[in-house]
Every structure is written in C-alpha cells, then in structure tokens.
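So the chains spell out like this:
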Amino acid sequence: MLARKSIIPEEYVLARIAAENLRKPRIRDRPRKARFIAKNGACNLAHKNIREQGRFLQDIFTTLVDLKWRHTLVIFTMSFLCSWLLFAMMWWLVAFAHGDMDPSTESTMNNTKWTPCVTCVRSFTSAFLFSIEVQVTIGFGGRMMTEECPLAITVLILQNIVGLIINAVMLGCIFMKTAQAHRRAETLIFSRQAVIAVRNGKLCFMFRVGDLRKSMIISASVRIQVVRKTTTPEGEVIPIHQVDIPVDNPIESNNIFLVAPLIICHVIDKRSPLYDISAADLALQDLELIVILEGVVETTGITTQARTSYIAEEILWGHRFVPIVTEEEGVYAVDYSKFGNTVKVAAPRCSARELDEKPSILIQTLQKSELSHQNSLRKRNSMRRNNSIRRSNSMRRTNPSLIVPKVQFITPEGSQSASET
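Not measured: the values here are computed from a predicted model.

**Section: the pattern of salt bridges**
- A full pass over the atoms with the stated rule returns seven salt bridges.
- Between D269 and R271 there is a salt bridge whose closest N-O contact spans 3.3 Å.
- A salt bridge links R353 to D276; the nearest nitrogen and oxygen atoms lie 2.4 Å apart. Of the two residues, R353 sits in helix α11 (residues 352-357) while D276 sits in the loop between β7 (262-267) and α10 (279-282), which places them 77 residues apart along the sequence.
- With a relative accessible area of 37%, R353 lands in the partly exposed category.
- Taken together, the shared-partner salt bridges connect R35, K39 and E314 into one network.

**Section: the nonpolar core**
- F205, F207, L289 and L293 are the most contacted members of the largest nonpolar core, which totals 40 residues.
- With residues near it in sequence (within four places) discarded, F205 still touches A194, V195, I196, I264, C265, H266, I268, L274, L289, Y310 and I315.
- If you look at the next biggest cluster of nonpolar residues, it comprises 14 residues, including F87, V94, M101 and C149.

**Topic: helix α5 (residues 69-98)**
- Spanning 30 residues, α5 covers 44 Å between terminal C-alpha atoms, matching the ideal 44 Å at 1.5 Å per step.
- Turning to α5, its buried residues number three or more, namely T72, F80, S83, W84, F87, A88, W91, V94 and A95.
- On its buried face, α5 sits against α4 (60-66), α7 (124-136) and α8 (150-178).
- Immediately downstream of α5, the backbone of G99 shows phi near 90 degrees, a positive value.

**What to know about the UniProt feature "transmembrane region" (unreviewed entry) in the chain**
- Within this structure's numbering, the places UniProt gives as "transmembrane region" (unreviewed entry) are residues 73-94 and 151-175.
- The span residues 151-175 carries 100% helix and 0% strand; its end-to-end C-alpha distance comes to 36 Å.

**So, a nonpolar patch on the surface**
- On the surface, L57, I60, F61, I153, I157, I161, I165, V169, F175 and M176 cluster together to form a nonpolar patch covering roughly 910 Å² of accessible area.
- Within the residue set of the nonpolar patch, elements represented by two or more residues are α4 and α8.
- At seven residues, α8 tops the list of elements feeding residues into the nonpolar patch.
- Topologically, I60 is positioned in helix α4.

**Re the side chain of H319**
- Structurally, H319 is set in strand β11 (residues 319-321).
- Dropping the residues within four chain positions of it, H319 is found in contact with V195, I196, A197, T342, V343, K344 and V345.

**Regarding the packing of α5 against α8**
- One way to put it is that α5 packs onto α8 with a least axis distance of 11 Å and a crossing angle of 175 degrees. Judged by the angle between their axes, α5 and α8 are roughly antiparallel.
- Its residues assigned to classes, the contact of α5 with α8 comprises 19 nonpolar, six polar and one charged.

**Considerations on the state of the cysteines**
- Applying the stated criterion across every chain, the model contains one disulfide.
- Here C117 connects covalently by a disulfide to C149, the sulfurs 1.6 Å from one another. On the S-S bond that ties C117 to C149, the torsion sits near -45 degrees, and the link is left-handed. One end of the pair, C117, is in the loop between α6 (104-111) and α7; the other, C149, is in the loop between α7 and α8, with 32 residues separating them in the sequence.
- Classification of C117 by relative accessible area gives buried; the value is 1%.
- For the unlinked cysteine C204, the closest cysteine sulfur is that of C265, found at 3.5 Å.

**Topic: the packing of α7 against α8**
- For the pair α7 and α8, the least separation of the axes is 9 Å and the interaxial angle reads 60 degrees. Classed by the angle they form, the pair α7 and α8 counts as oblique. The handedness of the crossing between α7 and α8 is right-handed. Contacts between α7 and α8 pair S131, V134 and Q135 from the former with L156, Q159, N160, G163 and I166 from the latter.
- Class assignment of the residues belonging to the contact of α7 with α8 gives a composition of three nonpolar, five polar and no charged.

**Side note on the environment of D244**
- Residue position: D244 is located in strand β5 (residues 237-245).
- Taking the C-alpha atoms as reference, D244 lies 4.5 Å from Q225; in sequence the two are 19 residues apart.
- Filtering out sequence-adjacent residues up to four positions away, D244 remains in contact with R223, I224 and Q225.
- Separated by 2.9 Å, the side chains of D244 and Q225 make a polar contact.

Thresholds applied
Residues numbered from 1 in each chain as written. Predicted model: local features only at pLDDT ≥ 70, side-chain atom pairs only at ≥ 80, totals over all residues. Heavy atoms only, no water. Salt bridge = Lys/Arg side-chain N within 4 Å of Asp/Glu carboxyl O. Helix = DSSP H or I, 4+ residues; strand = E, 2+ residues; numbered from the N terminus. Buried < 20%, exposed > 50% of the residue type's maximum accessible area, 1.4 Å probe, protein only. Core = buried A, V, L, I, M, F, W, Y, C linked by side-chain atoms within 4.5 Å. Contact = heavy atoms within 4.5 Å. Expected span 1.5 Å × (residues − 1). UniProt positions renumbered as here; feature names shortened; annotations may be inferred. Patch = residues over 30% accessible without salt bridge, like charges linked within 9 Å, V, L, I, M, F, W, Y side chains within 5 Å. Areas by Shrake-Rupley, 256 points an atom, 1.4 Å probe, with all protein chains shown as cover. Axes fitted to C-alpha atoms, helices over the stretch in contact; angles between N-to-C directions. Parallel < 35°, antiparallel > 145°, perpendicular 65-115°, else oblique. Nonpolar A, V, L, I, M, F, W, Y, C, P; charged D, E, K, R; others polar. Disulfide = S-S within 2.5 Å. Left-handed = near helix turned anticlockwise from the far one by under 90°. Polar contact = N/O pair within 3.5 Å; in protein donor to acceptor, adjacent residues only side chain to side chain.

Next up, the structure:
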C-alpha cells in the first residue's frame, strides 16, 4: 500500500475519479405517466364509485352485449333453463288441479271418455319435457294438448310469447357480440412508432396505417388528438386536456381511400401543439398523441373504430418510413414485413417555430447532409478501389504464372540494361 501511494499520488486518483463521474451522465428515471389509450386501442380508464347502478338495467340489451363471453353464455343458458322450469311447474299445477296426477284416473280414462288437459303428463319430469317441447317446438308426439282445459291453452299461448321474446333477445345479443365493430378493427394496423421529418419544406409528424383485409373501409377518416395535463391561467388543473390537430389532406375532409397502407401526415405549424417542441425537448414532454380511424365496414355496414397512441418515447425525430408498395407484373404488392421500418434522414433539430423564423437552418441542414453523403460515397469508392488493388496483389503473389518476366535489352554500345514490364 505504501509503494502504491508513492507511485500514484492520492490527489491524482481523486481528480481522475471525479472526472470519470462528470463524464458519465446521470440519468434519472422520470415517473412514467400512464397511457390514456393503449397501443391496441383499449382505453386505460377505470370507473369507480358508481352509485346509480340501476341505469345499466334500463338498457339491458347493451349491458348484455358489453358483458364478457363467459357471463353472456351463462345468462343465455340460464334464461332458457329457468323459463323451461317455470312453465314446467305451471303445466304440473294445471295437470294436478285437473286430476291428471291421480292414479285412479287411469282406470277411469280406460272405462269412460275422460280427457286430460295434456296427455301423458303424470309427473314433474313429464311436465318439464312437455315444457321443452312447447317452447322449442320439437314435438315428439307422445304428449299433446287437448280441448279440456282453457287454462292450459292460456299457458300455452303465454309460453310461446315468452319463448319468442327470449329467443329474440338472446340470439340478437349473441349476434351483436360476434359482429362487434372492434372485431373488424383487429385487422386495422398502425406503425409502432411515429416519425418527425421534413416534407415539402415543413416539419411533419407522420405515422403509417394499413388494412390487412381486402374488404375496404368505406368513408374512412383519421383524427389526431393531443392529450396532456394543462393548467389554466386561473389555476385550474385539467388532467386530460384534449386538443384536435389537423391532418394534411389534399381534399377538405379527412376521408382517406384505405386500399393500401398510407402515411398520415400532420404539418407542424402555428396551429399545432408541437410547434414549440424541438428534438431535445421532445423527450421531456409529457404528452400523448391519440390516433382515431373511423369508417364503415363494407361487408356488414357497421361503423368501426380503431385507435392507438404515441408517447414521446415512440416518436423518432429525423426518420422516414421506407416504401413498401411496389409494382410486380402489373399488380401492386405490399410488403408488410417493412411496415414499421424507418430510415434516418436529414432534419433540423430545432422546433418548427425556429425553423419558420430562420429558414436558413433547413438549407444548412440539407447542405451538411449532402456533403456528408458525398464524403461517404468517396470513402466507399476509395475503400472499394483499395480492396480491388489488394485483391489483385494477393492474386499475383499466390499465382506465379501471373508474374511478368524481366526482359533484357542490348544497346548498340554492347551494354545490357534490364527492365521490368
């Protein structure tokens, strides 16, 4: 220890450690904000302390459609089973009141012309089977109605009406759950990341959207909203402040023809909430951009909606999406393996406001990009040239037949000179 202290002074060691600590940037993890809309389009929202639960029963059909599948199937089964049991009890009471359950009626029925309300109903089990036959209209033929009891006819009419109502509600609920709009939205895809680059001399926020099915989305429209926490001048805190931002479209409306994947563009101008944000400020921003795609399904005519969101960490500054649509043998082909691929391009790191105030920044950025591109081309060409020279030299060394022999020339004076060609 004494020898090491004499070789390396303690002051030098402390200074070196301090310098290393200064070089290493200390990154403090910010508390990550919860997303308002998940990447798959689900709303990250929990409803609590709802006191008026009876409002859900006033719209019972929508409540049944919104339930989970296991709950819907349980209700579907129990509704039919309970109705069968209820009317089985009614048929059993009708038969019991008329005396069809009395064993002595069998001999009386054989000797006289005594007629039961429902033939072959002598127990609760047979009444339950007859209830199923009436409501489901199976009709095995063993049990049947007679004209003896007007009350039995009334029960028959009532069970038919109740059975039709249950069939209409439950089958309609199952149909709506299988044909819900969000099922079609599963094949509407968005790029995992968005980009900010220069297009037509303006900074633009861009993302890609596509449809995996051949059936089109009619009258498809795209909306973009910025959700952020803001504070008004009066001190009111708005945790979810939604601001609509325009979408760059050649026509007046936001309708798009989604026959192939499209790049949706938002020009960052004075109306945009991203106008004052630079590349350095983007990572510090606590914002979320929500994308909503709406349209009518061509096959079913149901309106569908697909959603996604982009936070600051999912926005790439100075990138551009690669083209994925090519023409092959007279057919336009889409390569979905490159759907979210991006390439780095020249883009100013300043905000759109600074770019509008100083247009020369864009020119300087493009010039630097062109110079760096030319330098990279020169380096690449020189490397190729050097590699070709090295390859030819190595081939000459390894193959003796390629070595050119020396030729001697005799001058008139008789002296000899050797030269290598």
